[in-house]
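A look at the structure
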Amino acid sequence: MKKTYALASLLLLAPVVAQAQEEGKIESSGEITVGIQQMDVDPDSSKFNKNRDLDDGFNLYDLWFGLVDPNNGRYLDFQGENLLRDDQSIRFGFGSYGSWGVVIDRNEIPHNLSNKARTPYIDQGGGLLTLPSTAPIPNTNLAPTTAQATAGMLTDNDAATATWLSTTLHGVELGTQRDKTGATISITPHQDFKFRLSLSDERKDGSNLTYGAIGDRPPRTLNAQLAEPIDYKTQELKFEAEYNQPTYQALFTYLLSGFENDIDTLRWQNPYVADVDGNGYDTWNAAHNIASFGQRALAPDNRYQNASLALGFDLPMASRLSATVAYGLMEQDETLLPYSTSSLGSATAFDSTGILPRTNADAEIDTLLFNADYSINPIERLNLRAFVRYYDLDNKTPQSNWWYVTDDTRGTGNPSYKNKRVNLAYSFDQMNYGLDTSYNLPFWRTTLGLGYEREDIDREFREANTEEDMLKASLKTRPTDWLTLRAKYLYGDRDGGEYNNTVTAQSYWYSLADAGADRDNPQFTFSNHPDMRKFDVSDRERDQFDLAATVMPMAGLDLTGSYRYRKDDYASGVTATQPLLASGIGVAAGDDTAATPGDQLGLLESKTQRYALDISYAATERLNLNAFGSRETIESTQRGLEFNENNKMNPTAVSGAAELGPWTRTTSQWMAVTDDKTNTIGVGAGFEIIPGTLRFATDYTYSQGKVDIDYSGFGTQSSLNPDNTLADTHEFAFRNPETVTHKQYNLNATLEYQFVKNLVFGLHYIYDRYKISDWMQEADTPWVESVGSEYLLRDTSDATSTQWGNRLINLGSYLGPSYEAHFGAVTLTYRF
Amino acid sequence: MKKTFKGACLMGIAWASMFATAQAGEVDWAALNPAFAKAGYVKDKEACAGCHADSIEAYKKTVHGRTFQHGAKGPLQARDCEACHGPRSEHVAAPDASLKFSTAQYSTVCLQCHQDGGRMHWQNSQHKTGEVGCVSCHTLMQNKSKKGLLAKADESAVCYSCHADVRGQMSKQSHHPVKEGKMACSSCHNPHGSVGKSMLKGATVNETCFNCHQDKRGPFIFEHPVVRENCANCHDAHGSNNPDLLNAKGSFLCLQCHSYGGHINLPRYNRTSNPYGQGCVNCHVTQHGSNHPSGAKFTR
């Protein structure tokens, strides 16, 4: 197809070019670069070609040309890069300067995720993934007893699965291709009016990494990594009309965007359920009815419209007012799937859409934006700017009462009472307003700036509304012609007000009688731990410094340096609370006064520092040098607390000898400090060995990323006896994971020789090396055990955790692994 | 409050439009630089070419050169060289550097014609406030870039000359394909100013992201509020050392907000939620929003 696009473009243009040259009246210019390339990538990693399509053989690297009729200003130009490849770009334009123009473009983006993935699944098309057979596990029991586990029930199942996988695994390509074609027509019928109409068609297909969990929730979940088929189409229309006068302008824009997913549903076979009765499920150990197929809704078709009007006015006293109003409408009305693929033996027809509160999504969100900005220079040297911005997101999706089947599995009876859920129509409106001033001081071309901004966000069905005051100060000075210094400071104080941690209870619709004596009961006790503060709605104090310097000490030498420091402190004044006090739900005495530890949970603090330095030096007319370096460090601190969810209502009933304690136990807290560092350096040089004839250019870039997590508290140590270290095999164990590292080395070298006029011969070499080490992509870490093949993972704590969930049939480790590549090319460039 | 606010703003705009009189949009050259006070228009490009032949030869191939030559609209554009450089009779008579412009003055000249469309918010933009001018990023006298008359061949190189830290972010293992040439800074940002924060093209972060990620647009029956409000709550669009541009590693991101009890409170070894793959997303796959009736916890 891409060859078709490229060749069609060239064929359409050929007669035009020929005609023009024959008439001898057309000015033409252009350039074409072709070549042959060879590469060696070891191993053949998809990471090398993640967003490109490099392959051995002939390449049409670059083609552009332009034709202009000097008599009437008509033009035609073509630009093509990487033609005939999956990463080609084409831009074709024609028109008449100052009057009208047409641009047709096409951009193709591959996103290669893996060429070594292996799966037992067979893609039947239409989102259906089946298996040639099911794993012949000897024991069908999601939660065996310790005695059964000790007797080998778990290992017998794992061995059978490993043998089954060895006969069913086959390769599967993982990655997508996004191709977008667009056309824009521009017309300027009069100097006061401009119109533009743009149409685009985008296709994205291939497969993406996803998961297919079936089973009760962990630790009784059976899971598999899947290759989700992708078949998206997006078509857009955009119309713009401008009316421009010297002192006022108006721009109207209308956008219509339609997204279609030709695969609405992903349905995958359960590798462990044989569906012996043909009723869509099996019963395991008289305790769990597990479906033979899982099913979920994929990205729904949706439509988006947006209309906006922007106005700008030049007003007296060198002032300007700009204002924008925009209305947006997002709609989605997909036909819904049933709760489950099977009734799962229940009297309730969970596999029928007849019991749904509605059979279509009927989802709608409206947005409204109003923005006004006014700046004025009331006196010499002083600039004032006032702004206001209002954005309202109104969710009009109807709220309904739904049941909820956990991953196509149910225990005896109906799904848990807690699975009675309401879909909440989250909405918010945001108001920003403020004033900025700047004053030009009468020395060193210095500008001093001060500003204030206020942001208020009101939310529905969220824990808090927030109000933030921001103060800004800036200084820019040029003490000499060769030195510019800038400094900026921002202080932000966000107040989350009263944090309502019971807001998630609004998403449940069960009665207290439904809960009975159940001690979990998230609606009437709490859902998230009361000490949790979600960072996006919590208090926050922000400090941010920016420093920058530009130095040009001599002709041809530029140095730019910058530094940024930002600290976000999310401390929200959390204190101990008694969430069950006077709850009215019959909490026993002693439990009603149970108190949280009063230490804030969630993200506590984040610190970022960025350093950057750029140097460019035109040493001589023939020699250019450049270098750059940057470093970024992000340190974030968070706290968690592990507690027994089954004792929210009666924390005192948790056994004093239980490692998994109540929500009141301070020693169940853990801390994680993540240290994320990125260092990038690069050098480059360009040298005209023989000016105008022989040129050499080279550059080298090294980038290194590291993520360290310093984990402490529960997980490394016992919540009962904090001086005791938990063993790696303990069911709650966690350690500082290995450092995640990414390293990229890249060397480019090019030698170009112009041996005749308009003809340039080139030699190119690229060395590209990528190294990755990531504990979340390896099947080789202390807590993960491979069984039979690297494609089956389970935990190693079967001595204490007897539940056979936590299985993850996976596509393989390091789907885009480390590689080392050498690339060479010989090119010929013709300029005309 | 909303009605009062809207009414006040509409009145302000109506008032503004009354005052936006039809003054000449052309630059007051004498106010720009007193040296223009006695100058008149030469109206002859050959006079310029007498000394600036090389520059004009390259300029002729630019969109300005061609538009002014072949499609000039109105007297301003018809002046060609003097449309931007002002009346040059004094300069022709006695060539010197007294009529050179500062960065801000160049911007004033450009805004004669280019205060329209996507540049309508320039005057109140962060770049203008930061004393960036048109010629900080553009060069008009030759085609150094394939489009946009940029000062360097590559758009990223122009932006990185001031935003060098972003180059480092774009080199992280998870990044948008900017350095591969498939996207550019202008894919998300309007450097000329916009109504969005950080000069984003969309009114919000999400509206900008939805330009390409239409599958995440929804709306969905079950919304994840932190997603609906701001994609940047979980993602860093410039680059991340974590997969999928995420701000934190695996389950540590989700644990910044969720503490229900049981399997989700702890990055423990013996749960599929943590040691391998994508952490909590191993099961909670529809974290951007679910359209499934059993999707309340984003597992369907």
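Residues numbered from 1 in each chain as written. Chains lettered and ligands numbered in written order. Predicted model: local features only at pLDDT ≥ 70, side-chain atom pairs only at ≥ 80, totals over all residues. Heavy atoms only, no water.

**Re the overall build of chain B**
Counting its secondary structure elements, chain B contains 15 helices and zero strands. Counting the 300 residues in chain B, one finds 54% classified as buried. Put simply, of all contacts in chain B between residues at least 6 apart along the chain, 49% involve residues at least 24 apart. Accessible surface, chain B as shown: approximately 12,600 Å² in total, 60% of it carbon and sulfur. (Helix = DSSP H or I, 4+ residues; strand = E, 2+ residues; numbered from the N terminus. Buried < 20%, exposed > 50% of the residue type's maximum accessible area, 1.4 Å probe, protein only. Contact = heavy atoms within 4.5 Å. Areas by Shrake-Rupley, 256 points an atom, 1.4 Å probe, with all protein chains shown as cover.)

**Topic: the packing of aromatic side chains**
All names here are of chain A. Here the structure, examined in full by the defined rule, presents 38 aromatic pairs over all chains. Look at Tyr417 and Tyr510: their rings are 4.8 Å apart centre to centre, the planes differ by 85 degrees, and that puts the pair in the edge-to-face class. With Tyr417 in the loop between strand 24 (409–410) and strand 25 (421–422) and Tyr510 in the loop between strand 29 (483–495) and helix 4 (512–515), this residue pair connects regions lying 93 residues apart in the sequence. A single burial state applies to Tyr417 and to Tyr510, both of which are buried. Measuring from ring centre to ring centre gives 4.9 Å for Tyr489 and Phe545, while their planes differ by 40 degrees; the resulting arrangement is tilted. With Tyr489 in strand 29 and Phe545 in strand 30 (residues 540–554), this pair connects stretches of sequence that are 56 residues apart. The partly exposed category is assigned to Phe545, whose relative accessible area is 39%. (Phe/Tyr/Trp six-rings, centres within 6.5 Å; stacked < 30°, edge-to-face > 60°.)

**Side note on the pattern of salt bridges**
Between side chains of opposite charge, a pair can form as their charged atoms come close. The final tally for this structure, using the stated rule, is 55 salt bridges over all chains. Put simply, Arg831(A) and Glu31(A) hold a salt bridge, and the shortest N to O gap is 2.8 Å. You can see Arg831(A) sitting in strand 41 (residues 819–831) and its partner Glu31(A) sitting in strand 1 (residues 27–42), a full 800 residues away along the chain. According to the relative accessible area criterion, Arg831(A) is partly exposed, its value standing at 34%. A salt bridge links Glu228(A) to Arg296(A), with the nearest nitrogen and oxygen atoms 3.3 Å apart. Pair noted here: Glu228(A) is in strand 13 (residues 221–244) and Arg296(A) is in strand 18 (residues 293–297), with a separation of 68 residues, a long-range link. Each member of the pair, Glu228(A) together with Arg296(A), is buried. Taken together, the shared-partner salt bridges in this structure form one network comprising Arg459(A), Arg462(A), Glu463(A), Lys534(A), Asp536(A) and Glu229(B). (Salt bridge = Lys/Arg side-chain N within 4 Å of Asp/Glu carboxyl O.)

**Considerations on the interface of chain A and chain B**
Across the contact, 199 residues belong to chain A and 114 residues belong to chain B. Summed over both partners, the interface of chain A with chain B buries about 13,100 Å², with 56% contributed by carbon and sulfur atoms. For the chain A face of the interface with chain B, the top three residues by lost area are Tyr97(A), Tyr211(A) and Met776(A), together amounting to 6%. Across the contact surface, chain A and chain B share 14 salt bridges. Among the salt bridges present, the one from Lys249(B) reaches Asp774(A), with a minimum N-O distance of 2.8 Å. For the pair chain A and chain B, the number of links is 58 residue pairs in polar contact (both at pLDDT 80 or more). Ranked by the residues each element gives to the side of chain A that touches chain B, the list is headed by strand 21 (residues 363–376) of chain A, at 11 residues. Partitioned by chemical class, the residues of the side of chain A that touches chain B number 84 nonpolar, 58 polar and 57 charged. (Buried area = accessible area lost by both parts, 1.4 Å probe. Polar contact = N/O pair within 3.5 Å; in protein donor to acceptor, adjacent residues only side chain to side chain. Nonpolar A, V, L, I, M, F, W, Y, C, P; charged D, E, K, R; others polar.)

**Some details on the side chain of Thr674(A)**
The residue Thr674(A) is located in strand 34 (residues 669–690) in this model. The residues touching Thr674(A), leaving out its near neighbours within four places in the chain, are Ile634(A), Glu635(A), Ser636(A), Val707(A), Asp708(A) and Ile709(A).

**Notes on the sheet that holds strand 15 (residues 265–269) of chain A**
To summarise the sheet geometry, strands pair through backbone hydrogen bonds and adopt either a parallel or an antiparallel arrangement. Residue and element names in this part refer to chain A. Ordered by their spatial adjacency, four strands build an open sheet running 7-8-15-18, and the pairing between neighbours is mixed. The open sheet terminates on both sides in strands that have one partner only, identified here as strand 7 (122–125) and strand 18. Neighbour-to-neighbour, the strand axes of the sheet open up by a mean angle of 20 degrees, direction not taken into account. Both strand 8 (residues 128–130) and strand 15 contribute to a ladder of two bridges, which runs parallel. If you follow Leu129 over to strand 15, its bridge partner there is Trp268. (Pairing = 2+ DSSP bridges. Axes fitted to C-alpha atoms, helices over the stretch in contact; angles between N-to-C directions.)

**Some points on unusual backbone geometry**
The linkage connecting Asp42(A) with the following residue, Pro43(A), adopts the cis geometry, with an omega of -10 degrees. With respect to the element layout, Pro43(A) can be found in the loop between strand 1 and strand 2 (57–68). Following Gly218(B), the chain continues into Pro219(B) via a peptide bond in cis, with omega recorded as 0 degrees. Along the polypeptide, Pro219(B) turns up in the loop between helix 13 (205–209) and helix 14 (225–229). Located in the positive-phi region is Asn285(A), a residue other than glycine, with phi close to 55 degrees. Tracing the backbone through its elements, the reader meets Asn285(A) in the loop between strand 16 (281–284) and strand 17 (288–291). Under the relative-accessibility criterion, Asn285(A) is labelled partly exposed at 46%. The residue Met317(A) is not glycine, and still its phi comes out positive at about 65 degrees. Mapped onto the elements of the fold, Met317(A) is located in the loop between strand 19 (302–315) and strand 20 (319–332).

**What to know about the sheet that holds strand 17 of chain A**
Residues and elements named next belong to chain A. The three strands are arranged 16-17-24 in an open sheet whose pairing can be described as antiparallel. Only two strands of the sheet have a single partner each, and these edge strands are strand 16 and strand 24. Taken together, the four bridges between strand 16 and strand 17 define a ladder with antiparallel strand orientation. Residue pairing for strand 17: Thr283 is matched across the bridge by Asn289.

**Section: the nonpolar core**
If you look at the biggest cluster of nonpolar residues, it comprises 22 residues, and the most contacted ones within it are Tyr121(A), Leu226(A), Trp268(A), Tyr272(A) and Trp284(A). Those elements giving two or more residues to this core turn out to be helix 3 (153–168), strand 13 and strand 15 of chain A. Tallying contributions element by element places strand 13 of chain A first for this core, with three residues. Non-local contacts of Trp268(A), meaning those with residues more than four positions away in its chain, are made with Tyr121(A), Leu129(A), Gly212(A), Ala213(A), Ile214(A), Leu226(A), Ser292(A), Phe293(A), Gly294(A), Gln295(A), Arg296(A) and Arg300(B). (Core = buried A, V, L, I, M, F, W, Y, C linked by side-chain atoms within 4.5 Å.)

**Concerning helix 3 of chain A**
The first and last C-alpha atoms of helix 3 of chain A sit 23 Å apart over 16 residues, in line with the 22 Å expected at 1.5 Å per residue. Among the residues of helix 3 of chain A, those classed as buried are Met153(A), Leu154(A), Asn157(A), Asp158(A), Ala160(A), Thr161(A), Ala162(A), Trp164(A), Leu165(A) and Thr168(A). (Expected span 1.5 Å × (residues − 1).)

**Some details on the environment of Ser166(A)**
Residue and element names in this part refer to chain A. Inspection of the secondary structure puts Ser166 in helix 3. For Ser166, a relative accessible area of 58% puts it in the exposed group. Sequence separation between Ser166 and Pro120 is 46 residues; the distance between their C-alpha atoms is 9.1 Å.

**Things to note about the environment of Asp87(A)**
Of note, Asp87(A) is situated in the loop between strand 3 (74–83) and strand 4 (89–96). Here Asp87(A) falls in the buried class, since its relative accessible area comes to 3%. Each C-alpha atom of the pair Asp87(A) and Ile109(A) lies 5.2 Å from the other, and the pair is 22 residues apart in sequence. Among residues more than four places away in sequence, those in contact with Asp87(A) are Asn51(A), Arg52(A), Asp53(A), Glu81(A), Asn82(A), Glu108(A), Pro110(A) and Lys182(B). Here Arg85(A) takes part through its side chain, which lies 3.0 Å from a polar atom of the side chain of Asp87(A).

**Details of the pairing of strand 13 of chain A**
All names here are of chain A. When you tally the buried positions in strand 13, you get 18 out of 24 residues, the bulk of the element. Inspection of the sheet shows strand 12 (residues 214–215) paired to strand 13 by two bridges, in the antiparallel sense. Counterpart to Gly215 in the pairing with strand 13 is Thr221. In the sheet, strand 13 pairs with strand 40 (residues 807–809) via three bridges, with the strands oriented parallel. Considered in strand 40, the bridge of Asn223 is made with Leu808. Relative to strand 14 (residues 248–261), strand 13 is paired through 13 bridges, and the arrangement is antiparallel. Following the sheet pairing, Lys238 is matched in strand 14 by Leu255. Where strand 13 hands over to strand 14, the hairpin turn is made up of three residues, counted between the paired strands.

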